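Structure assessment
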Amino acid sequence: ITLDTTTNAFASAVAVTTNGSTSSHVVIDGGTTTLDMGASTVDGNLTITSGHATGLTDSGTVTVAGNLVATADHGSGTIALNNALAVTGSVGLTSGGAATVVEANGLDLGASTVGGALSATATLGNITDSDALAITGTSTFITSADDATITLDTTTNAFASAVAVTTNGSTSSH
């Protein structure tokens, strides 16, 4: 499914479902409007883009068997994917403003550039990075599961502000 015309203007939540192999990819560009992802299941990769200042949101659980790439390409656009994503692969974020991501399981952060604060939560698993993170604002990483870990060991990560780490009730700031 490819809906990549930059003049798209979705007035309400966009929900997609693919039934097939892991090559069933979805690309959606919300144009200059906020892109609200409704409950969706994608068997491959999902790439979503919005050119609006309020950027990307989710009003339903978004399940992705592959990787998720979310881009808010307005200068100060935000990403608010806080409805318990279920992404098997990595989650890459690009925004000029703040970004929030909540993963129902473990969260693997792919290549990400966030111009504001980043809040990343893994509800039932660990947080890792598989590519470089460049975060301008405060970075907050939270895991909720017993014995969950946060490992951000890509040597080219760049955190310009404070980093707060919380794992199952204990907090550490650096």
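Below is a summary of the structure that appears in this document.

Reading the values: rules and limits
Residues numbered from 1 in each chain as written. Predicted model: local features only at pLDDT ≥ 70, side-chain atom pairs only at ≥ 80, totals over all residues. Heavy atoms only, no water. Helix = DSSP H or I, 4+ residues; strand = E, 2+ residues; numbered from the N terminus. Polar contact = N/O pair within 3.5 Å; in protein donor to acceptor, adjacent residues only side chain to side chain. Contact = heavy atoms within 4.5 Å. Buried < 20%, exposed > 50% of the residue type's maximum accessible area, 1.4 Å probe, protein only. Pairing = 2+ DSSP bridges. Phe/Tyr/Trp six-rings, centres within 6.5 Å; stacked < 30°, edge-to-face > 60°.

1. Brief notes about the environment of Phe10
Looking at the element boundaries, Phe10 is found in the loop between strand 1 (2-3) and strand 2 (26-29). Distance from Phe10 to Gly31, taken between C-alpha atoms, is 8.3 Å for residues 21 residues apart in sequence.

2. Some details on the side chain of Thr18
As for its placement among the helices and strands, Thr18 is situated in the loop between strand 1 and strand 2. Within the local environment of Thr18, its side chain forms a polar contact with the backbone nitrogen of Asp43, the two atoms lying 2.8 Å apart. Discounting chain neighbours no more than four positions away, the residues touching Thr18 are Ile1, Ser24, Val26, Thr41, Val42 and Asp43.

3. Some remarks on the pairing of strand 8 (residues 68-72)
In terms of burial, strand 8 is largely enclosed, as four of its five residues are buried. Where strand 5 (residues 46-50) lies against strand 8, five bridges are found, and the strand directions are parallel. In the sheet register, Ser50 faces strand 8, and the bridge partner there is Ala72. In terms of strand pairing, strand 8 meets strand 10 (residues 90-95) through five bridges, oriented parallel. Note that in strand 10 the partner of Val69 across the bridge is Gly92.

4. Comments concerning the packing of aromatic side chains
Taken as a whole, this structure holds one aromatic pair when the rule is applied. Relative to Phe159, the ring of Phe141 lies with its centre 6.1 Å away and its plane at 85°, an arrangement referred to as edge-to-face. Of this pair, Phe141 sits in strand 17 (residues 139-143) while Phe159 sits in strand 19 (residues 158-159), placing them 18 residues apart in sequence. With relative accessibility at 0%, the residue Phe141 sits in the buried group.

5. What about the environment of Ala98?
Assignment of secondary structure puts Ala98 in the loop between strand 10 and strand 11 (99-103). On the basis of relative accessibility, which here comes to 33%, the residue Ala98 falls in the partly exposed class. A C-alpha to C-alpha distance of 7.8 Å links Ala98 and Gly137, two positions 39 residues apart in sequence. Look past the residues within four positions of Ala98 in its chain and what remains in contact with it is Gly77, Thr78, Ile79, Val114, Gly116 and Ala117.

6. Structural notes on unusual backbone geometry
In this structure, Ala84 takes a positive phi of about 60° despite not being glycine. Mapped onto the elements, Ala84 comes out in strand 9 (residues 79-87). Look at Asp147: it is not a glycine, yet its phi comes out positive at around 60°. Positionally, Asp147 belongs in the loop between strand 17 and strand 18 (150-151). On the basis of relative accessibility, which here comes to 74%, the residue Asp147 falls in the exposed class.

Honestly, it's all geometry; don't read function into it.
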